Structure formats: structure tokens, C-alpha cells
Amino acid sequence: MLFDSFNYWLFFGVAVVVLAALADRASRVGLVLFSFVFYSFWNPWFTLLLGGSIVANFLLGLWIEQATDGRRRQALTVAIAFNLSLLCFFKYYGFLVVSLGHLLQFDPHSILFHIVLPVGISFFTFEGIAYTVDVYRRDTKAVRNLTDFAVFMSFFPHLVAGPIIRPAHFFPQLATREPLADSAAKWGVIQIFKGLLKKIVFADYFGPVANAYFSHTAHNGQTVPAAIGVLAFSLQIYFDFAGYTDIARGCARLLGYEFPPNFERPYLSANITDFWRRWHISLSSWLRDYLYIPLGGNRHGRSLTYLNIVIVMTLGGLWHGASWNFALWGLYHGLLLLLHRVWTGVIKSRFGPNLPSNWLTQSAAVILTFVVVTVGWIPFRAPEFSSTLQTLKELGAGGIRAFLSAAPTFTVLALLPLAYCLADSRRNLEKWLSNRAPLFTVAIGGTVALILLTLFGQYGLQVPFIYFQF
Amino acid sequence: MLCIAALYAAFDTLVVRTGFYFRYAEPESIAGSVLLGRTLVDCRMDHSRENIIVLGDSRVGEGFSSKKANEIAKVTKLNFIGCGIPGSTPRVWAYFLRKVDPERTKFSAVVLMTDAVTDTEINEDFVNYKLDLNYCLPLLNWGDLQTFPATFSKPELRDRARRLIAFPLVFAQTDLRALLLHPLDRARKAAQWRSNYATGADDYPGQPTILPDLELEGSPLLPRDWAGIREEIRPQLASYLALSSGYYPRPSVDLATQYRRLWFGQIAREYRAKGIPVFVFLMPRGPYHAKLGCPTALAGSMAALASEGAVRFLPPQPFAALEVPGNFFDQLHLNSVGRTKLTDLLTHTIMEQKL
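Just so you know, these numbers come straight off a predicted model, no measurement behind them.

Caption draft 1: Highlighting the environment of L413(A). Residues and elements named next belong to chain A. Summarising the element assignment, L413 is placed in helix α18 (residues 408–423). The sequence separation of L413 and Y205 amounts to 208 residues, and the corresponding C-alpha distance is 8.5 Å. The contacts of L413, once residues within four sequence positions are left out, are F202 and Y205.

What follows is the structure in C-alpha cells.
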């Protein structure tokens, strides 16, 4: 049940009405039931996996908290091993076996069996790890109520593609839940429409262009040049994932919960470090808190810091999927971050403290960052390594002007959001609509968005959300 | 959210449900062909006479001339209205008739075509005929939300049908965008088609091309020599020969029976309740049907409907006798010669039945 499907909105409408009619405790039980129903639409059997993961992490949290000092670490190790083994089995088993087969020269097919990847497993196992580690660090108290814990793990807006929720952010909301304020409701509605526009109008337009390039087919009779194909994927993945997050946050808000932001206009970042502070924030902060810092972070000298960055980013790449292409993408970003650290830490401080900083240099920095990030998407999207190399070779090929003149919508849809971001750089419109605009004005805005979705949405293409596969 | 839904519903009502958009819909589209069919009926309706609608797909458009029929019937009070909506099916005709004649009082008889005397001849799954959704776009309303989707058996088509009724603007999206891009051109084009369509259809003489007699052989059946057959129709002709000779497996006969009973039966039931007869005639099925020895005796759903008195099936043999290449310009449609013959035959047969 995808967020851009009619069935989801029917489901969500029923959930809002039913949960609003229930008292606080009953509504939490209801929320868990709705979440399991939602999850069962993919594969009812996987609800057992989700349920098992919830119960196990709930018990492990209690064990960690109650264990004596000497045993705490042992309990945490069990908790992490449990979550990682779940993830590794379902997501990486085939990949590891095939890779080992190549390395050790044996036929992997004899020990390979077909495993269906449960949707959202990467997200809920990371949430399980975050919870048990936080309990271990005493940042969070172990939850005593299984329903509350099940809400945290299974809450359907974030269940299958995040954002990755942190215990310290979520559990206090369960403790002090207040009636939905007007401004919160308006904000939720705005996020939902913003997300739907991003997904249905933008991502689902760019998706088929990228698909045409990477599958060597024509798009509406036009050959897609490599640069356009790669740019299309860069825009698709942003609008797709940011759109999903907006919808998830909006839905959660209407149900009385708040999710942290996951994107902060990342393609306007002026450097790669800034980009990672604004792209998939819930993952990058998770990697920082639960991988980079435990590895030593930047506490053990420059060389180890650089190494930690590269390790964390490569593993972060692999988190996206069981393929060396994702690892390559992560490694690329690790090296970019390393390069940026060298630039800021060594070169800039030594040679260029007085580098001019004006709109021209800022724009150049933004463009450069966007270009390196976009090039980085090639291994992420390409079906295999050879295809990545081929795409890199083809990047300079011509035909861009011919494609753009035959498909003017591409240019319009690529530049429209940029123009909007520049015109409203402080997000005043969104703030005004949420906080000060009368309800009727918001309703008019929502109706206009719905009409735009009707007229310009890409329907019938069935382009799934990209992050559902992770 | 409720406020947004209400405002959107108001917009949707204003644009679609009042028929505003359909005044400017692309005439050369599927929905446009249905709307032009409606225009045709409105233009040809003569309230001083007994109006008889002859309804079918493009084969009625090519094979039946209202003008000639009315010349033949000029001594009577009958007024023939030929309405061929290209690609349409009995399900579409049922909704079309409901739209043009909601009270079932406008016509003194309804004449429907069929291209099969037996259900075993049906070679497509019409229960799940996807294009019907596009045809029905201008014909449906909120009241059909339960019943129309239920006429499809595939869940995905039922779902699509529900969405068609709930969000017709989404289904008209491409055309709406084109309309917004060039509103004046579209308004002009739609008005032109509306005002000229009926006259154009009246003056249409039919296609002059004649198919040659062919020697058929092999499996699948193919002409021994393609000489005299236009290049562009050869693939369709080959497909027609394979289908008509039973080379490809046909879909379930039960489904075809249910389908024909449902839609012909529904139209008949609604008109019979007002005492208006519904005639069904065999549209000449193809240029080589006589050669292929296809059945001409009524059987299956049509025989059942006829024996129940729901429809009056016109004797099929004289119509089947027109299934020779000299009367066709391609594998489906009658040419100008066939058009004259069918118009003559159908008009006289109906006159005999009515008078």
C-alpha cells in the first residue's frame, strides 16, 4: 500500500477517524493494529517478523536496563547481534554468499536460497539498535509497556521507509500527548500535499526519464543522453524520498505525533559536509551516533578520523542495498567528506583564510556540490559496475539540447523548484500557511495542490518509492 | 481535510459533473467519439416522427446510412438515427442509451448490432475490456460507484473503474492539459465538430475500395496470393482470418454468454418496461465468413434472449449473405456497396417489423 495510492488514503482516513474516536490508551493499541494491517499489505507473514523484532527488542531493553554493570555490555552485544543478524540474514545473505563464492572460487548456488526482503527491515532494525544502545547508554529508560514500544517500532507512517525515529525524540511524545492544535493540523496537511506534489508530479516525471537512460530505451521516442539520465535520477531520488518523508511526517502529525525532519533542501548545500547534514538526516545522524562515535569519531587523531569517515560512509552505502555498487557510492561520499575535511582543516586554514565569500562563490560552491553528488548517484542507480563505468564515459556525449527542446517539461520541472526555493529561501509561505493563515486559506491551498496533482500528476506508471526497497 | 475534499468536490462538479469540460473535450478521442455520438442523436432526433436508433460500433458508422434509410422510409413515420461509435461495446451502449434517453421514451425502437450469432464466436474478454473505461468517462455519475465497477471481474479494473467515477479529472488529465495549453483552438475545434459532424455523417457515401476474392490456405489460414490487398491492412486481415477460423484459443464461452446476456438483456429490459422493442441484427462479420463456413444459426445467449422475448433477433441469414469480399473495404467494415445493401436490408426488415 503505497502513499501515493488511493487505497492508502482510504486506509489513512479510516485510521484518523477511528483513532480520534478512541481514548488515549485504546488509541495506542489501535495504532499498533492499524500499523500491522498496513504492514500486512506487503506480505502478511512478515508481520510475524515485525512482531518478533518488537517483542525481542522490548525484552532486550529491559534486560540491558536491569543487568548489573558487568552484564550490561553482554546484553547490549546480544541486542545488536540479534538486530544485525536479522538484517544480515534477510538482506545480505545472498550477497555475502555470492561474494564469498567469487572470492574463494566455489559455486555459491548450492548454498543459496531465495529470500524475500521484508519491506522496511533496514529501518526497524536500526530503530531497534538505536533503542537498545540508548538504554545501554542510559540516554533512555527501558519502556515498560509493550504497546508503547510497539507504537515506536511499527508506527505505520515511518515503518517502511523512515525517517528513522529515535527513542529520545519519540517516547516523550507518548508520555505527554496533547490534542491536535489547529496549527499542527494545518502543518500536517501542508506536508502531505507537499509530499504528494514532490512524488507524483516531480519524481514520477523524472523516474521514467532515468529509467529510459539506464535501460537503454527511448523516452517518448527520444534518446536520453547520459547527463540527462543521471540528472533525472538525481532529481527523482530527491523528490521521491523527500516526498515520502513529507507525507510520513504529515500523516504522523495528523495522528498526533511528530517526526524529525529528514531533508533540508540538500541540493542547495554549499559543500559535501553540509549536504550530509541536510540529506537523509535521520540516517546520517544515526550513523554518526551509533557507528562513527563508537568507532572513535574524531577523538584519535586525523588519520583515524579520516578512516572512520570512510568506513562509516561505506557501510552507510551498503545499508541501502546488498550490492558493491552501493558500497562504491558510500565510499565515494566518504572520500568526498574526507577531501572536504582536508580542504577546510588544512588547506583553507593555511592558505586561504581570506577566500572571498559572496553570492558568486556561494553559487559556485552549490553548483559544484550538486554536480559531485549527482555524479555519485551513478553507481547507486546503475544496475552493475560495468554500467557505472559506461555511464561515466558517456557523460560528455551530446544530444542534451535536442532532448530538452523535445521535452520542455523536463526543464520546467527541474527549474521550478529551484525558483521556488530561491524566491522563498526562508520558507515564509509554509510558515505563514501553518501558523497564521486562516483555515479556509489553507483549504484553498490544499485544493489548488489537489487540482495540480490531478492535472500534472503522473498516474498509471506505478513508479514505486525508491527507498521502499531498502 | 474535509474542507479540502469539499472544495475539490465542488471544483470537480463544476468542471466535470455539470458537463462543462465535455463541451470542450477533444473530439478525436475515445470520450470525444461518445460525445459526438450524443451530438449525432440530438441532431437527428425528429420529434414529429417515430425515432429508431441503430446503435453499434464503427461498423454501423460505415455500414448504415441514416440518410438512405430515411429516404426508403419516407412514406412512413419512421426516422432512423444511425449511431456508430468506433470501438464501442454493448456495455458502452447501455450507458450511452441511459445518457441520451434517461426516461427510455425518446425512441420507438432500439436496433443493436451484434457480430456473432453464437457465443463461441466471441474472441475477446469483453467483461474486462479496459477501453470501456475510457468510453464510459462522459457517461458515468456517482450513482454508478458500486454497479459499474462490479461489471468487471478483474479486481484491478474494478479498482480503476471506481477511481474513474471518483476522480474523472485524473482520467481526462492529458486532454485537460492540452485544453489548458490552447483553450481557444480547442473551443473552436469542438464547436466545429459538433456543428458539422451530423451533416458529414449524413453525406458520407462509404468507402469505395473493394476487397478481392481470395484463395485461402494453410494454418493459420492465409491468402495464397496477397495481390489486390492493400499493404496496410494485411496484418489485420491475417489476424481476422486466424481468429475467424478458430486458430487462436477463444476466451471462456461462459463469460461471453454472461456478458451478452447482461448487456443486451439490460438494454432490452429497460426499454421493454416502456413497451419499446429492442431489435438485434447480425452485422456482416467479415469479407470471408461465407467462405470460412462460419455459423449463421442463432444459438447461445442471443437465442435465449430471443426465445424469452427480451430482444427480437432479425433473421441472421440475409445479413450473413452480405459477408462477401465485394461488400467490404477491410477485414471488418462494409464498403459503399455493402453500406447500401445493409441499409436497404435493415431498413426494410425493421419497417416490416414495426409497421
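There's plenty left to go through after this.
Caption draft 2: Structural context of the sheet that holds strand β3 (residues 109–114) of chain B. Residues and elements named next belong to chain B. Taken in spatial order, the 5 strands make up an open sheet running β2-β1-β3-β6-β7, and their pairing is parallel. Lying at the two open borders of the sheet, with one neighbouring strand each, are β2 (78–84) and β7 (312–313). Together, β3 and β6 (278–282) form the strand contacts of helix α13 (residues 253–272), whose direction differs from that of β6 by roughly 145°.

Caption draft 3: Representation of the pairing of β3(B). Residues and elements named next belong to chain B. With 6 of its 6 residues buried, β3 lies for the most part within the structure. Neither face of β3 is exposed, since A109, V111 and M113 on one face and V110, L112 and T114 on the opposite face are all buried. Pairing analysis gives 4 bridges linking strand β1 (residues 50–56) to β3, with the strands arranged parallel. By the bridge assignment, V54 is partnered in β3 with V111. Here β3 pairs with β6 via 5 bridges, running parallel. Looking at β6, one finds that V110 is bridged to V278.

Caption draft 4: Broad picture of unusual backbone geometry. Residues and elements named next belong to chain A. Of note in this structure, Q105 is not a glycine but carries a positive phi near 60°. In this structure, R265 takes a positive phi of about 45° despite not being glycine. Among the secondary structure elements, R265 is positioned in the loop between α10 (226–254) and α11 (272–278).

Caption draft 5: Examining the interface of chain A and chain B more closely. Facing 12 residues of chain A, the contacting portion of chain B comprises 13 residues. Sorting elements by how many residues they give to the side of chain A that touches chain B places helix α20 (residues 439–456) of chain A first, with 9 residues. Here the side of chain A that touches chain B is composed, by residue class, of 9 nonpolar, 3 polar and no charged.

Caption draft 6: Broad picture of the packing of helix α9 (residues 182–214) of chain A against α20(A). Residue and element names in this part refer to chain A. Taken N-terminus to C-terminus, the directions of α9 and α20 make an angle of 15°; their axes are 10 Å apart at the nearest point. Looking at the two axes, α9 sits roughly parallel to α20. When the axes of α9 and α20 are compared, the crossing they make is left-handed. On α20, the residues touching D182, K186, V189, F193, L196, L197, I200 and V201 of α9 are L439, V442, G446, A449, L452, L453 and F456. For the contact of α9 with α20, the residue count by class is 12 nonpolar, 1 polar and 2 charged.

Caption draft 7: Spatial organisation of the domain arrangement of chain A. All names here are of chain A. Domain boundaries in chain A define domain 1 (8–154) and domain 2 (183–469). Taking only C-alpha atoms, the centre of domain 1 and the centre of domain 2 are 27 Å apart. Taken together, the contacts link 13 residues of domain 1 with 9 residues of domain 2. Those elements that place two or more of their residues in the side of domain 1 that touches domain 2 are α1 (6–21), α4 (69–104) and α5 (121–136).

Caption draft 8: Inspection of the nonpolar core at higher detail. Counting residues in hydrophobic clusters, the biggest one holds 118 residues, and the most contacted among them are I64(A), F155(A), F206(A), V209(A), I228(A), A232(A) and C251(A). The element best represented in this core is α10(A), accounting for 19 residues. Domain assignment of the residues forming this core places at least three in each of domain 1 (8–154) and domain 2 (183–469) of chain A. Setting aside its immediate chain neighbours within four residues, F155(A) contacts L31(A), S35(A), A252(A) and Y257(A). V127(B), L139(B), F171(B) and V311(B) belong to the second-largest nonpolar core, a separate cluster that totals 85 residues.

Caption draft 9: View of the environment of F170(A). Residue and element names in this part refer to chain A. Along the chain, F170 turns up in helix α8 (residues 167–175). Taking the number of C-beta atoms within 10 Å as the measure of exposure, F170 has 23 and is therefore buried. In the structure, F170 is positioned 19 residues away from V151 in sequence and 9.6 Å away in space, judged by C-alpha atoms. Those residues in contact with F170 that lie beyond four places of it in its chain are F152 and I165.

Caption draft 10: Inspection of helix α6 (residues 146–154) of chain A at higher detail. Among the residues of α6(A), F149(A), A150(A), V151(A), F152(A), M153(A) and S154(A) are the ones counted as buried. Elements that come into contact with the buried residues of α6(A) comprise α2 (24–40), α3 (46–66), α5, α7 (156–159) and α8 of chain A.

Caption draft 11: View of the confidence of the model for chain B. Residues with a pLDDT of 70 or more make up 100% of chain B, whose mean pLDDT is 91. With pTM at 0.78, the complex prediction returns an ipTM value of 0.71.

The rules we used
Residues numbered from 1 in each chain as written. Chains lettered and ligands numbered in written order. Predicted model: local features only at pLDDT ≥ 70, side-chain atom pairs only at ≥ 80, totals over all residues. Helix = DSSP H or I, 4+ residues; strand = E, 2+ residues; numbered from the N terminus. Contact = placed C-beta atoms within 7 Å. Pairing = 2+ DSSP bridges. Axes fitted to C-alpha atoms, helices over the stretch in contact; angles between N-to-C directions. Buried ≥ 20, exposed ≤ 12 C-beta atoms within 10 Å, placed from the backbone. Nonpolar A, V, L, I, M, F, W, Y, C, P; charged D, E, K, R; others polar. Parallel < 35°, antiparallel > 145°, perpendicular 65-115°, else oblique. Left-handed = near helix turned anticlockwise from the far one by under 90°. Domains from an automatic or database assignment. Core = buried A, V, L, I, M, F, W, Y, C linked by C-beta atoms within 7 Å. pLDDT = per-residue confidence, 0-100.

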